[in-house]
Amino acid sequence: MAKVAIVMGSTSDWPTMQQAALMLKECGVEFEAKVVSAHRTPNLLVEFAESAEAEGYSVIIAGAGGAAHLPGMIAAHTHLPVFGCPVKSKTLNGLDSLLSIVQMPKGVAVGTLAIGEAGAANAGLLAAQVVALHDEKVREAVQAFRKKQTETVLANGSLELD
Ligand code: RP5
């Protein structure tokens, strides 16, 4: 089965990136999560990205905050699809992370998600949708998730005064 890698710049990103993991779990997609820092472990980044396909990964989700170079540098070293998650930073609320990830030069692609937990969850969902292209079980799980979500919204859509 296709496997997804979730990498992040620091253990401090895990509370955010966990949302990607939870979504992949919900969709029945196998994943592994690890810390790979663009600045603190640059050699590990190259090693990870260059061996990702041989390791069995089909999609890479990369989250980082601040000077968030991890997704772009991973994309520079692999042809696998990379989804970038801007983690909310303490000083600039993640706007720095977003701008660091989204402005890739033409020719090296990162699919950038929203800042914070919603973006990380959607990175998991997008990765599951990619895997679902060739996996019937994951396709059914993605559809079931969306159906349940719609039903929940419809069931709770009537509002009244407190
Ligand atoms: C980035 O620096 C990480 O992705 C993290 O969001 C940020 C802060 O890292 P820590 O100082 O919390 O380890 O590389």
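Here the structure is a predicted model, which means the values were calculated and not measured.

Asks: Mind showing me how you'd approach the site of the ligand here?
Replies: In the region of the ligand, the neighbouring residues are Met-8, Gly-9, Ser-10, Ser-12, Asp-13, Ser-37, Ala-64, Gly-65, Gly-66 and Val-87. Grouping the constituent residues of the shell around the ligand by class yields three nonpolar, six polar and one charged.

Asks: When you look at the UniProt feature "domain: PurE" (unreviewed entry) in the protein in this model, what are you seeing that I'm missing?
Replies: Per the UniProt annotation, the sites labelled "domain: PurE" (unreviewed entry) are residues 2–153. For residues 2–153, the helix share is 47%, the strand share is 19%, and the end-to-end C-alpha distance is 31 Å.

Asks: Explain the UniProt feature "binding site: substrate" (unreviewed entry) in the protein here, please?
Replies: The UniProt record marks Ser-10, Asp-13 and Arg-40 with the feature "binding site: substrate" (unreviewed entry), using the residue numbering of this structure. For the residues just named, distributed over 31 residues, the greatest C-alpha separation is only 14.4 Å, placing them together at one site. By the secondary structure assignment, Ser-10 is in the loop between strand S1 (3–8) and helix H1 (14–26). If sequence neighbours within four positions are ignored, Ser-10 has contacts with Val-35 and Ser-37. Along the chain, Asp-13 turns up in the loop between S1 and H1.

Analysis parameters
- Residues numbered from 1 in each chain as written.
- Predicted model: local features only at pLDDT ≥ 70, side-chain atom pairs only at ≥ 80, totals over all residues.
- Near = placed C-beta within 6 Å.
- Nonpolar A, V, L, I, M, F, W, Y, C, P; charged D, E, K, R; others polar.
- UniProt positions renumbered as here; feature names shortened; annotations may be inferred.
- Helix = DSSP H or I, 4+ residues; strand = E, 2+ residues; numbered from the N terminus.
- Contact = placed C-beta atoms within 7 Å.

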